[in-house]
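Structural overview
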Amino acid sequence: MAELGLGDRYGAKATRVRRGDQDLLAHDDLLLRLDDRIRVVMPRERTAEVTAFLGDTEARVSEVSAVSMGLGLAAGFLIGIPKLTVGSTVLSLGTAAGPLVMAMVLGRLRRTGPLVWVLPTRANLTLRQIGLLLFLACVGLTSGYAFRREAFSLFGLKLLAVLFAGALLSYALMVLVARLLGQSRPRTMGLLAGYVGNPAITAYANSRVSDGRVNTGYATLFALAIIIKIICIQLIVGL
C-alpha cells in the first residue's frame, strides 16, 4: 500500500480495503491483490486523478487472462511428462499433479512482469462452483451403479464397516492434532476438508461459517494430499 504514494501524489489517504467479503485496514505494509477495492479519502478536486490512477472498472479486473492460463497449463503439462523409475515402478506427476504443482508455484509468485497468475475473485468463485457441481455429477454417474450393486452385499457391508472405522479414527486424529496446534475451528474445518480431499465438504463448511480461514485450511492440505495420493497409487500399482 505504501508504494502507491497516495499522500505524496494526491494528498489522499487510503482507509479501508475491501477484499471479497472482508474489510481490511489499509496500513502501509498491506499487500494488495487483484480486484481489491480501496476506500480513499481525498480532496474533491483530485477525485478524477485518483480514479484514473487506481482504476475503477469492474470489467477489467474480472477478466481471466487467456495468455496466463494457457502458459500455466502448458508449463504444468510439461513438468508432468518426466518419469522417475524406481525398480519396476515408474513415478511421474502426470497431467493431474503437474498443473497442480505449477499452479502452486505461480500462485506463490502471483505476478511475473505483465503476466498476472491469479484469478479474479469473481471468476475464481464461479469456476469453483461449476467445478464442484461437475465433480458431484461425475461421481454420481460413474459410481452410482457400482454402489447399488455392491453396497448392500456382504462384501460391501464389510468394506463399509472398515472404511467407516478408518475414517472416523483418522478424522478424529486430524481434528485432535489441529486442536493441539492451536488452530481455530474454521481453519480446522478447512484442514479436515483438505485432508479428505472433497470440495463438497468445503462448500458445506462455507455454508455454515462465513470465514476465509476455511478455504485457507482447505488449500493448505488439499494440494499436498492430492500429490501424495497420486504417488501412492503409482507405488501400489508398481508393487
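Rules and cut-offs
- Residues numbered from 1 in each chain as written.
- Predicted model: local features only at pLDDT ≥ 70, side-chain atom pairs only at ≥ 80, totals over all residues.
- Heavy atoms only, no water.
- Pairing = 2+ DSSP bridges.
- Helix = DSSP H or I, 4+ residues; strand = E, 2+ residues; numbered from the N terminus.
- Salt bridge = Lys/Arg side-chain N within 4 Å of Asp/Glu carboxyl O.
- Buried < 20%, exposed > 50% of the residue type's maximum accessible area, 1.4 Å probe, protein only.
- Axes fitted to C-alpha atoms, helices over the stretch in contact; angles between N-to-C directions.
- Parallel < 35°, antiparallel > 145°, perpendicular 65-115°, else oblique.
- Left-handed = near helix turned anticlockwise from the far one by under 90°.
- Contact = heavy atoms within 4.5 Å.
- Nonpolar A, V, L, I, M, F, W, Y, C, P; charged D, E, K, R; others polar.
- Polar contact = N/O pair within 3.5 Å; in protein donor to acceptor, adjacent residues only side chain to side chain.

**Brief notes about the pairing of strand β2 (residues 22-25)**
As defined by bridge partners, strand β1 (residues 13-19) adjoins β2 across four bridges and the pair is classed as antiparallel. When the sheet's bridge partners are listed, Arg16 is paired in β2 with Leu25. In textbook terms, the turn of a hairpin is the stretch between consecutive antiparallel strands, and for β1 and β2 this stretch comprises two residues, one of which, Gly20, has a positive phi near 65°.

**Some remarks on the pattern of salt bridges**
Applying the stated rule across the entire model yields three salt bridges. The salt bridge involving Arg19 is made with Asp36; its shortest N-O contact spans 2.8 Å. Here Asp36 lies in the loop between β2 and β3 (37-41) and Arg19 lies in strand β1, a separation of 17 residues in the sequence. A single burial state applies to Arg19 and to Asp36, both of which are buried.

**Overview of the packing of helix α6 (residues 121-150) against helix α9 (residues 199-208)**
For the pair α6 and α9, the least separation of the axes is 10 Å and the interaxial angle reads 130°. Taken together, α6 and α9 sit at an angle that is classed as oblique. In terms of crossing hand, the pair formed by α6 and α9 is left-handed. Across the interface between the two elements, Leu132, Phe135 and Leu136 of α6 pack against Pro199, Ala200 and Ala203 of α9. A class-by-class count of the residues in the contact of α6 with α9 yields six nonpolar, no polar and no charged.

**Some thoughts on the environment of Arg19**
For Arg19, a relative accessible area of 15% gives the class buried. Considering only alpha carbons, one finds Arg19 and Leu34, 15 residues apart in sequence, at a separation of 9.2 Å. From its side chain, Arg19 meets the backbone oxygen of Leu31 in a polar contact 2.9 Å long. Here Asp36 takes part through its side chain, which lies 2.8 Å from a polar atom of the side chain of Arg19.

**Considerations on the environment of Gly131**
Topologically, Gly131 is positioned in helix α6. Classification of Gly131 by relative accessible area gives partly exposed; the value is 34%. With 68 residues separating them along the chain, Gly131 and Pro199 place their C-alpha atoms 9.0 Å apart.

**Observations concerning the sheet that holds β1**
Strand order in the open sheet formed by three strands is β2-β1-β3, with antiparallel pairing between adjacent strands. Looking at strand neighbours, the two that pair on one side only are β2 and β3, the edges of this open sheet. Averaged over all adjacent pairs, the angle separating strand axes in this sheet is 25°, with direction ignored. Where β1 and β3 come together, five bridges link them in antiparallel fashion. Bridge pairing links Arg16 to Arg39 in β3.

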